[in-house]
Amino acid sequence: QVQLVESGGGLVQAGGSLRLSCAASRSINSIRPMGWYRQAPGKQRELVASITSGGSTNYADSVKGRFTISRDGAKNTVYLQMNGLKPEDTAVYYCNMGRFPGATMIPSNYWGQGTQVTVSS
C-alpha cells in the first residue's frame, strides 16, 4: 500500500504558474509509472501527465508544452510544474501510482485527497 499527499494548488490568474507536489509514503522507485490526473466539476477524471521509472514522460494534448512532470526518487515525490495556466485548467488535481509495471499509466486504487487549482480569467 502507499499513501499519496498532494499539495501546491491554489488560485492563480490566467498565464500564471503553479507547482504541484505529490509525496508518497514509501519509495516510488519501483517500475510502476506515476501520474497526475485532474477532475473538473461535471467532468470525468482525466490523465494529465505520467512518468515512468526511467523518466519517460507522456502528456495530454491540452497541456503539452505548458506542463512538466518530474519525479525525485530520493524524496519519494512527484511534481507537476504548470506554466501558462488557462481557466480550463481549473480542476482538482490528483496523483496516482500506476497499477502495473511498465510505461502505460493505468491508475491503481492509490489516490491522494487532491489539490484544488483555480485559474481566473
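Provided above is the structure to which this section pertains.
As a starting point, this report considers the structure included with it. Remember, it's a predicted structure, so these values are computed and weren't measured experimentally.

1. Describing the nonpolar core
Link 1 in the chain: One finds Trp36, Phe67, Ile69, Leu80, Met82 and Tyr93 to be the most contacted residues of the largest nonpolar core, which totals 29 residues.
Link 2 in the chain: Those elements giving two or more residues to this core turn out to be β3 (18-24), β4 (34-39), β5 (46-51), β7 (67-72), β8 (77-82), β9 (91-98) and β11 (115-120).
Link 3 in the chain: Among all residues touching Phe67, those that are not within four sequence positions of it are Arg38, Val48, Tyr59, Leu80, Gln81, Met82, Asn83, Leu85, Asp89 and Tyr93.

2. Observations concerning the environment of Gly9
Link 1 in the chain: With respect to the helices and strands, the residue Gly9 is situated in the loop between β1 (4-7) and β2 (10-13).
Link 2 in the chain: Among the residues examined, Gly9 registers a relative accessible area of 33% and is labelled partly exposed.
Link 3 in the chain: With 47 residues separating them along the chain, Gly9 and Ser56 place their C-alpha atoms 24 Å apart.
Link 4 in the chain: Not counting the four nearest positions on each side in its chain, Gly9 is found in contact with Leu18, Leu20, Thr115, Gln116 and Val117.

3. Quick notes on the state of the cysteines
Link 1 in the chain: Taken as a whole, this structure holds one disulfide when the rule is applied.
Link 2 in the chain: One disulfide bridge connects Cys22 with Cys95, the sulfur atoms lying 1.9 Å from each other. Every disulfide takes its handedness from the sign of the S-S torsion; for Cys22 and Cys95 that torsion is 50 degrees, giving right-handed. Taken together, the residues Cys22 in strand β3 and Cys95 in strand β9 connect sequence positions 73 residues apart. By the burial criterion, Cys22 is buried, and Cys95 matches it.

Quick notes on the rules
Residues numbered from 1 in each chain as written. Predicted model: local features only at pLDDT ≥ 70, side-chain atom pairs only at ≥ 80, totals over all residues. Heavy atoms only, no water. Core = buried A, V, L, I, M, F, W, Y, C linked by side-chain atoms within 4.5 Å. Buried < 20%, exposed > 50% of the residue type's maximum accessible area, 1.4 Å probe, protein only. Helix = DSSP H or I, 4+ residues; strand = E, 2+ residues; numbered from the N terminus. Contact = heavy atoms within 4.5 Å. Disulfide = S-S within 2.5 Å.

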